[in-house]
Amino acid sequence: MISNMIRNIVLDERIKDKSIDRDSEELLRVHLEIIKSKKIIHNVFEEFYDICNNLKNKYFIKSDKKIIELGAGVSFIKDKYPNIITSDIKNYEGVDIVVNAQEMQFKDSEVNTFYGINCFHHFPEPRKFFMELDRTLEDGGGAILIEPYYGWFSNILYKKVHEDEFFYKEQKNWETGQNENQFMTGANQALSYLIFIRDREIFEKEFPNLVIEDTIIINNYMRYLVSGGVNFKQLLPTFMEKPIKFFEFLLSPLNKIFALHYAIVIRKK
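Procedures and definitions
- Residues numbered from 1 in each chain as written.
- Predicted model: local features only at pLDDT ≥ 70, side-chain atom pairs only at ≥ 80, totals over all residues.
- Heavy atoms only, no water.
- Salt bridge = Lys/Arg side-chain N within 4 Å of Asp/Glu carboxyl O.
- Helix = DSSP H or I, 4+ residues; strand = E, 2+ residues; numbered from the N terminus.
- Buried < 20%, exposed > 50% of the residue type's maximum accessible area, 1.4 Å probe, protein only.
- Phe/Tyr/Trp six-rings, centres within 6.5 Å; stacked < 30°, edge-to-face > 60°.
- Lys NZ or Arg CZ within 6 Å of the ring centre and 35° of its normal.
- Polar contact = N/O pair within 3.5 Å; in protein donor to acceptor, adjacent residues only side chain to side chain.
- Contact = heavy atoms within 4.5 Å.
- Arc of directions from axis to C-beta.
- Core = buried A, V, L, I, M, F, W, Y, C linked by side-chain atoms within 4.5 Å.
- Pairing = 2+ DSSP bridges.
- Axes fitted to C-alpha atoms, helices over the stretch in contact; angles between N-to-C directions.

## Regarding the pattern of salt bridges
Okay, step 1: Under the defined criterion, the tally for this structure stands at 14 salt bridges.
Okay, step 2: Among the salt bridges present, the one from K78 reaches D96, with a minimum N-O distance of 3.1 Å. Pair noted here: K78 is in the loop between β1 (66–70) and β2 (85–88) and D96 is in the loop between β2 and β3 (97–98), with a separation of 18 residues, a long-range link.
Okay, step 3: Classification of D96 as partly exposed rests on a relative accessible area of 40%.
Okay, step 4: Note that R135 is salt-bridged to E132, the shortest N-O span being 2.9 Å. Linking R135 with E132, this pair stays in helix α4 (residues 126–136), spanning 3 residues, or about one helical turn.
Okay, step 5: Classification of R135 as partly exposed rests on a relative accessible area of 26%.

## Some thoughts on the packing of aromatic side chains
Okay, step 1: Tallied over the entire structure, the rule returns 25 aromatic pairs.
Okay, step 2: Seen from their ring centres, F120 and F129 are 5.9 Å apart, and the 50° between their planes marks the pair as tilted.
Okay, step 3: Take F120: its relative accessible area is 0%, and that puts it in the buried class.
Okay, step 4: Put simply, the rings of F120, F123, F129, F130, W174, F196, F203 and F207 pair up and form one aromatic cluster.
Okay, step 5: Stacked on the ring of W174, the Lys or Arg R127 has its end atom at 4.0 Å from the ring centre.
Okay, step 6: Just above the ring of Y193 sits the side chain of K169; from NZ or CZ to the centre is 4.9 Å.

## Overview of the side chain of S87
Okay, step 1: Mapped onto the elements of the fold, S87 is located in strand β2.
Okay, step 2: S87 sits in the buried class, given a relative accessible area of 1%.
Okay, step 3: A polar atom in the side chain of S87 sits 2.8 Å from the backbone oxygen of E69.
Okay, step 4: Excluding residues that lie within four positions of it along the chain, S87 makes contacts with I68, E69, L70, G71, A72, G73, V95, I97 and V99.

## Quick notes on helix α9 (residues 241–250)
Okay, step 1: Regarding α9, the residues found buried are E241, I244 and E248. Looking down the long axis of α9, one finds its buried residues gathered within 65° of arc, a one-sided arrangement. Facing away from the buried surface of α9 by more than 90 degrees, the exposed residues are K242 and F249.
Okay, step 2: Against the buried residues of α9 lie α3 (39–59) and α8 (221–227).

## Thoughts on the nonpolar core
Okay, step 1: Grouped together as the largest cluster of nonpolar side chains are 33 residues, with contacts concentrated most on F45, F48, Y49, Y115, I117 and I146.
Okay, step 2: Elements represented by at least two residues in this core include exactly α3, β4 (111–117), β5 (137–148), α8 and β9 (261–268).
Okay, step 3: Among the elements that take part in this core, α3 stands out by supplying 8 residues, more than any other.
Okay, step 4: Every residue in contact with Y49, bar those within four places of it in the chain, is listed here: E69, S75, F76, I77, Y81 and I117.

## Notes on the sheet that holds β2
Okay, step 1: Pairing in this open sheet of 7 strands is mixed, and the strands run β3-β2-β1-β4-β5-β9-β8 from one edge to the other. Strands at the two margins of the open sheet, each flanked by one partner only, are β3 and β8 (210–218).
Okay, step 2: With 6 bridges joining them, β4 and β5 adopt parallel strand pairing. Note on β5: the bridge partner recorded for G116 is L145.
Okay, step 3: α4 contacts β1, β4, β5, β8 and β9 of the sheet and is inclined by roughly 145° relative to β5.

The values are spatial; any link to function lies outside them.
This is how it looks when you write it as structure tokens:
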């Protein structure tokens, strides 16, 4: 009860509107408004985009084939990387095309890279997504997923932050039972942990053409917390961003304890 009271106090006023359907485009509109109004979270997402680009250049073959952002929603990645094709499962006015990541319209070997920022854990049947990666990626291409981390602090935080998602590392199956209309609610934010960490051997056996090249802890958790993300109020003024970033650097040896996000790099052989 106390945690719910605290949550309601720090929740952004624009999110408190109970009439907003959490699976609707209206929620995306509110999230875009929040990102535009809060410099710190805007910069955090820009950092996510840079991480995706840098990892692509490091691990994947260079080619002129498509680079797709899945689950883009209110993404502004094209402001910095205009060659990216943004997509979402909903026909939202801010994205280029509608794509169901579990049943994509792309031809075989048509794509070089997929980006997915906080979207993978919303896929109800991840095995279908992996089969689509195997089919649509060119050899040497891959996917970069930025997902909730599974460390000590994130394990506590993610269980309390969202009312319409959960964080359950003990879930036996990979599937959560969501239907096609539940693209935001009912997701297990620990899905990437289940598949790429706990069940890595199962993943490698079922999808031998897909290689987990790397998992990288992202060190922007203090700024993400202070910014309030896309659902909560910003806790400190924007001019504190640089000092906070310096403290993140000093505390980087503790990333495994306090991190909130990490990147998973998957390459097709």
